[in-house]
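Architecture at a glance
These are the residues of each chain, in order.
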Amino acid sequence: MQGIYSIEFLTEQAKAWVSMNQYQHLLELMCVLLSIYFWLQRAYKPKSKGKKKLTREEIELACKQWKSVPLGEPPHSAAEVAWKRNSLAAEYDYVMKSESRETVDVADVKGALNLASFNFSGLQGSDQVKEACAETMKHYGCGSCGPRGFYGTTDVHLRCEERVAEFCGSKDAIVYSFGTATMSSVIPAFCKRDDVLICDEGVSYAVQAGCHLSRSQIHWFKHNDVEDLKRILEDIRQADVADPKRPSRQRRFIVLEALYTDYGDFSPLKEIIKLKKQYKYRLIVDESNSIGVLGASGHGVCEELDIPRDEIEVSGGDFSPALGTIGGFIVGERIVVNHQRLSGAGYCFSAAQPPYLATAAIEAMNLLDSEGESRVAKLRQLTRKFRDLLSGGCGKYVEVLGDRDSPIIHLKLLGTEDEVELQKATLRKQKQLLDEGVFVSAPLYVGMIHKIPEPTLRLSVSAAHDEKMLTDAAVKICTVLTRD
């Protein structure tokens, strides 16, 4: 029976082939002949015409003349100094043994005042946020189990992106699983080889890593120096005169932070926006430290300066400094956000943010919407008073760095210009302050960044602190830093 069915099938196929028009027959015949032709061809090696075979003496001479080329640039002197500074910190290794709140247990010290952690809005450990996270874990478990583009996206992530866009006053938003990976992913997503990036030399390591990963042409302007930025813009404009088509082949961005982590000062954003319009550049702004700090209700730099959100083409940053959760965000036009869903390395290839962390971000933004004005007002009042106490009490021994309203305060010890010796003294003072019950940070920097900041003690004010805490801390800090 199977043989009969096979004959019938072949007969039907033959009838169908015969019924085709002559052009289809001709096309099939050409394909068959072409297949037979390639099948019968023998493998061959291309003939090397005009190439002379080298003698043994010529080969040996060529080997002697050959010089190896390094894979990368040798470390600069600043990197060597950074390595020496970092090696000093080995004996000052502190482990926080409690939840990161306004007071913490560090090493053998119980209940030290926490001036090391960024918690600007005072939302870390919020009971309302914890309850919301617990409910999310009951439904979704702990992890996301995959990248966003595959099976890691949940409705919580989508709600979080909608909430971020609403909170920042933007048309759309995208959420990353880790704050540090956010800016280092978004910059290479938009900038490629031969594009132009003009960066403030004070931007954080995450931003600088993104600039280097993009392989773009990087120009550095002096920290917060608008005149130096204008000089670079003008130099590039003059170079365009020789090649008028070059601007149309390049994407060009100015890159900066709204509030600088390593310096504690604000960016002159309004002046830079005027320049970017004048010279036809786009703007990338890291707002990691401005959410919860700038604006009457903590909605960021656009609320503070009263500028439209679309004046900044790409803005975003880290959730942790103000919202007390892990993750990052980028806001902008829909085309800007959608481009990252296929081009942002941290979005495409990293596991999605655990759903309960996205819930924590949503609840933190809800709290800022309802309590933001009071929290920001308290933070500014505490920051100004604390800075005044430090400036008045430390006198000629310490330089208090940063803007008056910035909750990030850097204290530079005076008396030596040698960076390694200054780092030693800074680490010793950090240890003495911890013994007095005040936990501060002594930042370390990798040698790959463009300009390594000077050794300082970094303090962070939080809305969770109160006036008595900071007054007592200021007395202890000034006492420790002014004694030999």
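Residues numbered from 1 in each chain as written. Predicted model: local features only at pLDDT ≥ 70, side-chain atom pairs only at ≥ 80, totals over all residues. Heavy atoms only, no water.

Some thoughts on the nonpolar core
- The biggest cluster of nonpolar side chains holds 94 residues, and the ones touching the most others in it are Leu115, Phe386, Leu459 and Ile477.
- Beyond its immediate sequence surroundings of up to four residues, Phe386 is in contact with Leu115, Ile409, Leu459, Val461, Leu470, Ala473, Ala474 and Ile477.
- One finds Leu323, Phe329, Met365 and Leu367 within the second-largest nonpolar core, a separate group that totals 25 residues. (Core = buried A, V, L, I, M, F, W, Y, C linked by side-chain atoms within 4.5 Å. Buried < 20%, exposed > 50% of the residue type's maximum accessible area, 1.4 Å probe, protein only. Contact = heavy atoms within 4.5 Å.)

Points about the environment of Leu233
- Locating Leu233 in the fold gives a position in helix α10 (residues 226-242).
- Here the alpha-carbon distance between Leu233 and Ile198, two residues 35 residues apart in the chain, equals 8.4 Å.
- With near-sequence residues (within four places) excluded, Leu233 lies in contact with Ile198, Leu275, Tyr279 and Tyr281. (Helix = DSSP H or I, 4+ residues; strand = E, 2+ residues; numbered from the N terminus.)

Re the packing of α10 against helix α12 (residues 269-279)
- Across the interface, α10 lies against α12 with an axial gap of 11 Å and an inter-helix angle of 5°. With respect to α12, the element α10 is oriented roughly parallel. Facing α10, whose interface residues are Val226, Leu229, Lys230, Leu233, Glu234 and Arg237, α12 presents Glu271, Ile272, Leu275, Gln278 and Tyr279.
- Its residues placed into classes, the contact of α10 with α12 shows six nonpolar, one polar and four charged. (Axes fitted to C-alpha atoms, helices over the stretch in contact; angles between N-to-C directions. Parallel < 35°, antiparallel > 145°, perpendicular 65-115°, else oblique. Nonpolar A, V, L, I, M, F, W, Y, C, P; charged D, E, K, R; others polar.)

Let's talk about the sheet that holds strand β5 (residues 217-221)
- Ordered in space as β3-β9-β8-β7-β6-β4-β5, the seven strands form an open sheet in which the pairing is mixed. This sheet does not close on itself; its edge strands, each paired only once, are β3 (172-176) and β5. Ignoring which end each strand starts from, the neighbouring axes of this sheet average 20° apart.
- Sheet topology places strand β7 (residues 282-286) next to strand β8 (residues 314-318); three bridges connect them, and they run parallel. The partner of Val285 across the bridge, within β8, is Ser315.
- The sheet contacts of helix α9 (residues 205-214) involve β4 (196-200), β5, β6 (252-257) and β7, and relative to β5 the element is tilted by about 145°.
- In the packing of α10 onto the sheet, the strands contacted are β4, β5 and β6, and the crossing angle to β5 comes to about 145°. (Pairing = 2+ DSSP bridges.)

Digging into a nonpolar patch on the surface
- Together, Leu29, Val32, Leu33, Ile36, Trp39 and Leu40 make up a nonpolar patch on the protein surface, roughly 700 Å² of accessible area in all.
- Within the secondary structure, Val32 is located in helix α2 (residues 22-40).
- On the basis of relative accessibility, which here comes to 45%, the residue Val32 falls in the partly exposed class. (Patch = residues over 30% accessible without salt bridge, like charges linked within 9 Å, V, L, I, M, F, W, Y side chains within 5 Å. Areas by Shrake-Rupley, 256 points an atom, 1.4 Å probe, with all protein chains shown as cover. Salt bridge = Lys/Arg side-chain N within 4 Å of Asp/Glu carboxyl O.)

Some details on the pairing of β8
- For β8, a buried count of five out of five residues is recorded, marking the element as mostly surrounded by other parts of the structure.
- Examined bridge by bridge, β8 and strand β9 (residues 328-332) share four bridges and lie antiparallel to one another. Residue Ser315 lies in a different strand from β9, and its bridge partner there is Val331.

What to know about the sheet that holds strand β10 (residues 398-401)
- Pairing within the open sheet is antiparallel, and its three strands lie in the order β10-β11-β13. Across the chains shown, the open sheet's two edge strands, defined by having one partner strand only, are β10 and β13 (457-460). Pairwise comparison of adjacent strand axes, ignoring direction, gives a mean angle of 25° for this sheet.
- Sheet analysis places strand β11 (residues 408-413) next to β13, joined by four bridges and oriented antiparallel. Opposite Ile409, over in β13, you have Leu459 as the bridge partner.
- Lying on the sheet, helix α18 (residues 419-435) is in contact with β11 and β13; it crosses β11 at an angle near 120°.

Some details on the side chain of Glu311
- Secondary-structure assignment places Glu311 in the loop between α13 (301-305) and β8.
- Among all residues touching Glu311, those that are not within four sequence positions of it are Ile273, Lys276, Lys277 and Leu283.

Describing the packing of aromatic side chains
- Using the criterion set out here, one finds five aromatic pairs in the structure.
- Plain terms: the ring middles of Tyr37 and Phe38 are 5.5 Å apart, the flat faces sit at 70° to each other, and that makes the pair edge-to-face.
- For Phe38, a relative accessible area of 54% corresponds to the exposed category.
- Taking the centre distance of 6.5 Å and the plane angle of 80° together, the rings of Tyr94 and Phe439 count as edge-to-face. Here Tyr94, found in the loop between α4 (77-87) and β1 (103-106), pairs with Phe439, found in strand β12 (residues 438-439); they are 345 residues apart in sequence, far enough to count as distant. The two residues Tyr94 and Phe439 agree in class, both being buried. (Phe/Tyr/Trp six-rings, centres within 6.5 Å; stacked < 30°, edge-to-face > 60°.)

As for helix α8 (residues 180-190)
- Most of α8 is tucked away, with nine of its 11 residues classed as buried.
- Listed as buried for α8 are Thr182, Met183, Ser184, Ser185, Val186, Ile187, Pro188, Ala189 and Phe190.

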